[in-house]
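Reading the structure
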Amino acid sequence: MTQLTVNSTITPVNLVQNYLVGPGVAVSNVTFNGMPGTNADPQIGFFNGVNTNLAIDSGLVMSSGLVIDAVGPNNSGGIGTDFFNASADPDLNAISSVSINDAAILEFDLVPAGDTIKFSYSFASEEYMEYVGGGINDAFGIFLSGTGIAGPYSNGAVNIALLPGSTTPISIDNVNAFTNAAYYIDNGDGFTAPYSGSNT
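Rules behind the numbers
- Residues numbered from 1 in each chain as written.
- Predicted model: local features only at pLDDT ≥ 70, side-chain atom pairs only at ≥ 80, totals over all residues.
- Heavy atoms only, no water.
- Helix = DSSP H or I, 4+ residues; strand = E, 2+ residues; numbered from the N terminus.
- Rg over C-alpha atoms; globule rule 2.2 N^0.38 Å.
- Buried < 20%, exposed > 50% of the residue type's maximum accessible area, 1.4 Å probe, protein only.
- Core = buried A, V, L, I, M, F, W, Y, C linked by side-chain atoms within 4.5 Å.
- Pairing = 2+ DSSP bridges.
- Axes fitted to C-alpha atoms, helices over the stretch in contact; angles between N-to-C directions.
- Polar contact = N/O pair within 3.5 Å; in protein donor to acceptor, adjacent residues only side chain to side chain.
- pLDDT = per-residue confidence, 0-100.

To continue, consider the overall build of the chain. A count of helical and extended segments in the chain gives two helices and nine strands. Listing each helix as α and each strand as β along the chain from the N terminus yields β-α-β-β-β-α-β-β-β-β-β. Expected size for 200 residues packed as a compact globule is a radius of gyration near 16 Å; at 17 Å, the chain falls within 12% of this value. Structurally, the chain occupies a C-alpha span of about 50 × 35 × 30 Å along its principal axes. Considering the chain as a whole, with its 200 residues, one finds that 30% of them fall into the buried category.

Shown next, in the form of structure tokens:
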């Protein structure tokens, strides 16, 4: 196993066009609400996860803090960066159940050549396990809107980032060692071996 690597200098447009979508998908109108790779403290970047325990070889990484903090080892109980930016995004607030701060919001239009799209993702949080059920609820959503879609979110969107076979959104309160534990991978608390000394 090897260590995750992160490149936080790539623009959001480049990230979407070259690392998020595959062949047969046309993208336009890429916008990022957060600190992009052109800033000193970026919340979006490219990751290489080949030979790590992530199960995704490479792609786009977003964070409520610095994306570079995703690189191990997990040897701190509270690594992170606060930008103190409150998010007015009603969809993220709806799936989190608490007020959202320091959101990283990537939006774009896409037109697939076929009739199916697929996203692979992994959700992680520095709030595990200390803040589960404690009033801090990191959350993740993929909101899809367009012709023929009639959901409860902005522009009639649906959230497709859900626990399999359910309507349960992805957050630390919904996926952890006690709730939906089958989808939770324990990467330690920042102090405990082997995680605190492992780069994977």
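Now for the nonpolar core. Judged by nonpolar contacts, the single largest core of 13 residues is most densely connected at Leu15, Val16, Ile44, Leu60, Leu106 and Phe108. Of the residues forming this core, the biggest block, three residues, is contributed by strand β2 (residues 25–33). Grouped together as the second largest cluster of nonpolar side chains are eight residues, Tyr128, Leu163, Ile170 and Val175 included.

Now for the sheet that holds strand β4 (residues 58–62). The strand order across the open sheet built from three strands is β1-β3-β4, with neighbouring strands paired in antiparallel fashion. Across the chains shown, the open sheet's two edge strands, defined by having one partner strand only, are β1 (5–7) and β4. In this sheet, neighbouring strand axes are inclined to one another by 35° on average, regardless of whether the strands run parallel or antiparallel.

Right, let's talk about the side chain of Thr52 for a bit. By secondary structure assignment, the location of Thr52 is in the loop between β3 (44–48) and β4. Judged by relative accessible area, Thr52 falls into the buried class, the value being 12%. In terms of polar contacts, Thr52 uses its side chain to reach the backbone carbonyl oxygen of Gly49, at 2.7 Å.

What follows deals with the pairing of β3. Burial runs high along β3: four of the five residues are buried. Both β3 and β4 contribute to a ladder of five bridges, which runs antiparallel. Bridge pairing in β4 places Phe46 opposite Leu60.

Another point: unusual backbone geometry. With an omega dihedral of -20°, the bond running from Tyr128 to Met129 counts as a cis peptide bond. Within the secondary structure, Met129 is located in the loop between β5 (105–112) and β6 (139–140). Of note, the phi angle at Ala55 is positive, near 75°, even though the residue is not glycine. Tracing the backbone through its elements, the reader meets Ala55 in the loop between β3 and β4.

Let us look at the environment of Asp115. Topologically, Asp115 is positioned in the loop between β5 and β6. Among the polar contacts listed, one links the side chain of Asp115 to the side chain of Thr116, at a separation of 3.0 Å.

Before going further, it helps to examine the confidence of the model for the chain. Summarising the model, the chain shows a mean pLDDT of 86, and 90% of its residues fall at 70 or more. Per-residue pLDDT, averaged within each element of the chain, yields its smallest value for helix α2 (residues 90–96) (90) and its largest for strand β8 (residues 158–159) (97).

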